[in-house]
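These are the residues of each chain, in order.
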Amino acid sequence: MRRSIGKSERRLGPASGRRWLRPLALACGFALILAAAWGSQAPAADAAATQLVLTVNTTAAGTEQDDIVDGRCATGAGDCSLRAAIAHSNATTGDTEVLINVQPGLTGTISMSDSRSAWMTTENATGVDRGAYFYVTRPVTIDLDNRLGVKATTDDSAAAFWIEAKGTKLLNFSGILPGETGIVFGVESDGSVLDGGTTMQVDDYNAERIVWIKGGADGITVKNYTVGRLYDADHSGAIVMRSTNSQPESVIERTTISNVTVDNQPVSSSCSYLNGGGCASAGLAISNATVNGLTLEDSTFAHSAGITIESSTVNDWVVSNSTFTDASEITCKGDAITRLTVTESRFSGSSGIDLAGSGSLQSNWAHFEDVKVVNSDFESSSGLRVRRAYFTGLEVVGSRFTGYASGSRVIDVSDDIGASPQLDIRGNTFKDAAIGSSDSSALILLPKGETMGLTSYVRQNVFDNSGSGLTQGYAIYYDGGASSRDNTTPSNLFIEDNYFDGYTKLGVSLDDTGIVTVRRNTFGVNHANAASSNTAATAKEETSESGDASMFQNYGRSSNRKVLTWYPTGADVVGDCQLAVDLLRQASGTAPKEPVTIDFYYTAGTTAEEYLGSVDNVTPDQAGRSNVIVPDLPSSAKGYLRVQTHGIYPGGQSESSQYSRTILLPEAELAACSVSSLEIELRAWRGVGADTSHDGIVGGGAAEIEANSSLLPGETVWFTYTVTNNGKSTLRQVAVTDAFAAPVCTIAQLRPGQTSGCSQSRAVPT
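What counts and what doesn't
- Residues numbered from 1 in each chain as written.
- Predicted model: local features only at pLDDT ≥ 70, side-chain atom pairs only at ≥ 80, totals over all residues.
- Heavy atoms only, no water.
- Helix = DSSP H or I, 4+ residues; strand = E, 2+ residues; numbered from the N terminus.
- Buried < 20%, exposed > 50% of the residue type's maximum accessible area, 1.4 Å probe, protein only.
- Contact = heavy atoms within 4.5 Å.
- Areas by Shrake-Rupley, 256 points an atom, 1.4 Å probe, with all protein chains shown as cover.
- Core = buried A, V, L, I, M, F, W, Y, C linked by side-chain atoms within 4.5 Å.
- Polar contact = N/O pair within 3.5 Å; in protein donor to acceptor, adjacent residues only side chain to side chain.
- Pairing = 2+ DSSP bridges.
- Axes fitted to C-alpha atoms, helices over the stretch in contact; angles between N-to-C directions.
- Phe/Tyr/Trp six-rings, centres within 6.5 Å; stacked < 30°, edge-to-face > 60°.
- Lys NZ or Arg CZ within 6 Å of the ring centre and 35° of its normal.
- Disulfide = S-S within 2.5 Å.
- pLDDT = per-residue confidence, 0-100.
- Salt bridge = Lys/Arg side-chain N within 4 Å of Asp/Glu carboxyl O.

Moving on to the overall build of the protein. Across its full length, the protein carries 2 helices and 61 strands. Buried residues in the protein amount to 52% of all 766 residues. Here the contacts in the protein between residues at least 6 apart in sequence split such that 70% fall between residues at least 24 apart. As displayed, the protein has an accessible area near 31000 Å², and 47% of this comes from carbon and sulfur atoms.

So this is what it looks like as structure tokens:
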């Protein structure tokens, strides 16, 4: 039965003179050291915490002493066993700090039998652990120095350690191999730590989990641990977070998992309780729990050792700088995840993130809110998939998705999605895919049959399949499920500022979506249109009813009403190097609502490699014509111009057309305008903070260094480079270099009259 050990106070009263308490040497390898001093006039005060060191000197299982408070740590044979030391610690009162360590030179394994008489408690710890060999009820530090392990001799049903004391520290715990759980952190274990150790299963009577964190535990930390090949049975995993049936509503608070490696690299072809070599249980398994505040950092999960969440709610969860390889993944079949951020992490092999409900019925669908994937790498994996779920606030930002083969999913939020999802996919890179040629194999599959609940984006991404030698049909596909003809329902979805190259079918395909704004997207010369019949300077618009190769397509009238683009009929250079374009509205078909917005694009041939800006509020004359000045000149005078048209339908969202036919640019006139005139100013500074110099500007406190000034060897000098475009055309990818630093920076775009800059620090040579 569990003992409740209360705290007590020990006070040292005043005395005449100064007294020293000498160290008291005790039997069985430990010492109790007390030191205090006080003067005759000193008032009464609390004594400083004392330390009790208990040194284990045997690998015998041991039994508790009859009298464990007699100053001895001993079994019947006179040795100090781990069990006797823990029993002695549990019975210690007051503020004494207890350390249990291992005698120098002692190495081995404590064998644990299935006899309940050998357990320190037979209380039910977890539902599968019917007791524990070692039961900690008072704060203690146990350092096994990776020299003393614990192993079951039969497939028993007891945990090795059950911790029910706040602030307990378990250090260097290696070879923890019970028949069930290695360490159970219970409801009274707040602030406890497992730090250091390795447990790799290789033989019989398999351990099924190393750590179980029960409902009600707060502030548990598991760090610097390596584990693998645990037997895959009920509630198994390297680390399990689960409430027991007796505590179903208890919340697990503020858990930290840091620098943990779970590697199920098999050493045999099978897994059974007789052979752990082929076993592959989860790395972290959360089930039947509510978890508030979970930090997983600097950890590795390999060979099907991922994270599984089932029938649980997880709030405020951060996964950072962690790696999931060889079929390891984050899989949720649970109730809800709120405020999950995955950052600076890597998923490779067939792994990824799969968030789903527990069943196909909507009553079993999950709820996900404020889920973010940031600056992470997905290589040859299943990427991110959300299904059987309601979600809001799904963000995928600054991540890289590379090398996808047939049957893979990159970002798939298309199936079984609840009403009014909201997402933002921005600033990511997608490369080298060969999933398939159909629309259902697109790299991004958007929610089928759903209108976004809040403004949603796919923006500022790079979709580059050029040069890979791989065949990929589609980049983005959205089947909105809108069945009405001329559907005018705003979807709240904006697909903007993306770059596409190397796709054999479509960059963006919309099917029954209502109104979706598709703007400022550019396409490289290797996109499918370059090899299609839509050759330059023809009278054919860049679209197809049948789904043939093109850049952007409204498939059927239920996507953006399938509005037809205006198209250019001629272009001239006018005034002070301005490009004027004559536009014509389509004579038949569905016209966008007027006034319209016109987006201008340059192409060397048949796509739309360069966005030249937009003009709003364009209206036609009675003949359907308009003359418009293009905001920017193209980077090359040789090539073609095309446009895309947008009209704001009542409801507030712009409907977008396909891209227009092309016209030839007036090369000679543009060539005369393309003479560049750049001015660059170089300045030097000292006293600049490392984070205060940017874009050619220094912060306060910096002092400018005049020409011909003396500099000290090793001194740090900041150089600022300010570049002004005094020409008449926009310059792109302006490279700034100098003789000392070689490349300094590249300015992406510099319009006529615009100034930009950059900075760099260097140390004066010694």
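The phi angle of most residues is negative, glycine excepted, and most peptide bonds adopt the trans form. For the peptide bond that leads from Glu594 to Pro595, omega is 5 degrees, which places it in the cis range. With respect to the helices and strands, Pro595 occurs in the loop between β49 (578–584) and β50 (596–603). Positioned with a positive phi, Asn259 is a non-glycine residue whose angle comes to about 55 degrees. With respect to the secondary-structure elements, Asn259 resides in strand β19 (residues 251–263). Taking relative accessible area as the criterion, Asn259 reaches 37% and is therefore assigned partly exposed. At Asn492, a position not held by glycine, the phi torsion is positive, near 65 degrees. Examined against the element boundaries, Asn492 turns out to sit in strand β42 (residues 490–496). The class of Asn492 is partly exposed, set by a relative accessible area of 25%.

Formed by 134 residues in total, the largest nonpolar core has its most connected members in Phe161 and Trp317. Apart from the residues lying within four places of it in its own chain, the contact partners of Trp317 are Leu294, Leu296, Ile307, Ile309, Ile330, Ile337, Arg339, Leu340 and Thr341.

For Arg147, the location among the structural elements is in the loop between β9 (141–143) and β10 (148–152). As for Arg147 and Pro104, which are separated by 43 residues in sequence, their C-alpha atoms are 9.5 Å apart. Ignoring any residue separated from it by four or fewer positions in sequence, one finds Arg147 in contact with Val102, Gln103, Pro104, Gly105, Leu106, Thr107 and Gly108. Within the structure, Arg147 has its side chain in polar contact with the backbone oxygen of Leu106 (distance 2.6 Å). Side chain to side chain, Arg147 and Asp145 meet in a polar contact 2.6 Å long.

A separate point is the side chain of Asp464. With respect to the secondary-structure elements, Asp464 resides in strand β40 (residues 462–464). A polar atom in the side chain of Asp464 sits 2.5 Å from the side chain of Ser466. Ignoring sequence-local partners within four residues, the contact set of Asp464 consists of Phe430, Lys431, Asp432, Asp501 and Tyr503.

What follows concerns helix α1 (residues 82–91). The buried count for α1 comes to 9 of 10 residues, which makes it a mostly enclosed element. Looking only at α1, the buried set comprises Leu82, Arg83, Ala84, Ala85, Ile86, Ala87, His88, Ser89 and Asn90. The inward-facing, buried residues of α1 contact β5 (51–56), β6 (97–102), β7 (108–112), β8 (132–136), β9 and β11 (159–163).

Right, let's talk about the sheet that holds strand β48 (residues 567–574) for a bit. Strands sit in the order β48-β49-β52 across an open sheet of 3 strands; the sheet is antiparallel. Strands at the two margins of the open sheet, each flanked by one partner only, are β48 and β52 (625–629). Strand-to-strand twist of the sheet, defined as the mean angle between neighbouring strand axes without regard to direction, takes the value 20 degrees. Here β49 runs beside β52; their pairing, made up of 5 bridges, is antiparallel. Looking at β52, one finds that Leu584 is bridged to Arg625.

Once that is clear, we can look at the pairing of strand β56 (residues 678–686). Pairing geometry for β56 and strand β58 (residues 716–725), over 8 bridges, is antiparallel. Counterpart to Leu682 in the pairing with β58 is Tyr721. Where β56 lies against strand β57 (residues 703–704), 2 bridges are found, and the strand directions are antiparallel. The partner of Arg686 across the bridge, within β57, is Ala703.

This paragraph deals with the packing of aromatic side chains. For the structure shown, the criterion picks out 17 aromatic pairs. Ring centres 5.8 Å apart and planes at 35 degrees place the aromatic pair Tyr457 and Phe494 in the tilted group. In this pair, Tyr457 is assigned in strand β39 (residues 456–459) and Phe494 in strand β42, connecting sequence segments 37 residues apart. Look at Phe523 and Tyr659: their rings are 5.7 Å apart centre to centre, the planes differ by 85 degrees, and that puts the pair in the edge-to-face class. With Phe523 in strand β46 (residues 522–523) and Tyr659 in strand β54 (residues 654–659), this pair connects stretches of sequence that are 136 residues apart. Here Phe523 matches Tyr659 in class, with each residue buried. Among the aromatic residues, ring-to-ring pairing joins Phe301, Phe324, Phe347, Phe378, Phe401, Phe430, Phe463, Phe500, Phe523, Tyr601, Tyr611 and Tyr659 into one connected group. In this structure, Arg459 is placed above the aromatic ring of Tyr457, and the distance from its NZ or CZ to the ring centre is 4.0 Å. The ring of Tyr567 has Arg661 lying over it, and the distance from NZ or CZ to the ring centre is 3.6 Å.

Pairing between the strands of a sheet comes from backbone hydrogen bonds, and it takes one of two forms, parallel or antiparallel. Ordered in space as β57-β56-β58-β61, the 4 strands form an open sheet in which the pairing is antiparallel. A strand with exactly one partner marks an edge of an open sheet, and here the two such strands are β57 and β61 (755–763).

Moving on to the state of the cysteines. Scanning the model with the defined rule gives 2 disulfides in all. Here Cys577 pairs with Cys673 through a disulfide, and the sulfurs are 2.1 Å apart. Across the S-S bond of Cys577 and Cys673 the torsion is about -90 degrees, and the bridge reads as left-handed. With Cys577 in the loop between β48 and β49 and Cys673 in helix α2 (residues 667–673), this pair connects stretches of sequence that are 96 residues apart. For Cys577, a relative accessible area of 13% gives the class buried. Here Cys745 is linked by a disulfide to Cys758, with a sulfur-sulfur distance of 2.0 Å.

Time to look at the confidence of the model for the protein. Taken as a whole, the protein shows an average pLDDT of 85; of its residues, 86% reach a score of 70 or greater. This model gives residues 1–47 a pLDDT under 50, and the stretch forms 69 contacts once residues within four places in sequence are excluded.

What follows deals with the pairing of β48. Summarising the sheet, β48 and β49 pair through 7 bridges and their orientation is antiparallel. If you follow Asp572 over to β49, its bridge partner there is Ala580. Linking β48 back to β49 in an antiparallel pair, the connection comprises 3 residues, with Gly575 at a positive phi of about 55 degrees.

Below, the discussion takes up the pattern of salt bridges. The full count for this structure, using the stated rule, is 27 salt bridges. Across the pair Arg209 and Glu180 runs a salt bridge whose closest N-O atoms are separated by 3.1 Å. A residue pair is termed long-range when its members are at least 10 positions apart, and Arg209 in strand β16 (residues 209–214) and Glu180 in the loop between β13 (176–177) and β14 (181–185) qualify at 29 residues. A salt bridge links Asp632 to Arg751, with the shortest nitrogen-to-oxygen separation between them at 3.1 Å. In this pair, Asp632 sits in the loop between β52 and β53 (640–648) while Arg751 sits in the loop between β60 (742–750) and β61, placing the two residues 119 residues apart along the sequence. Members of the salt-bridge network, linked through shared partners, are Lys372, Glu395, Asp424, Arg426 and Arg459.

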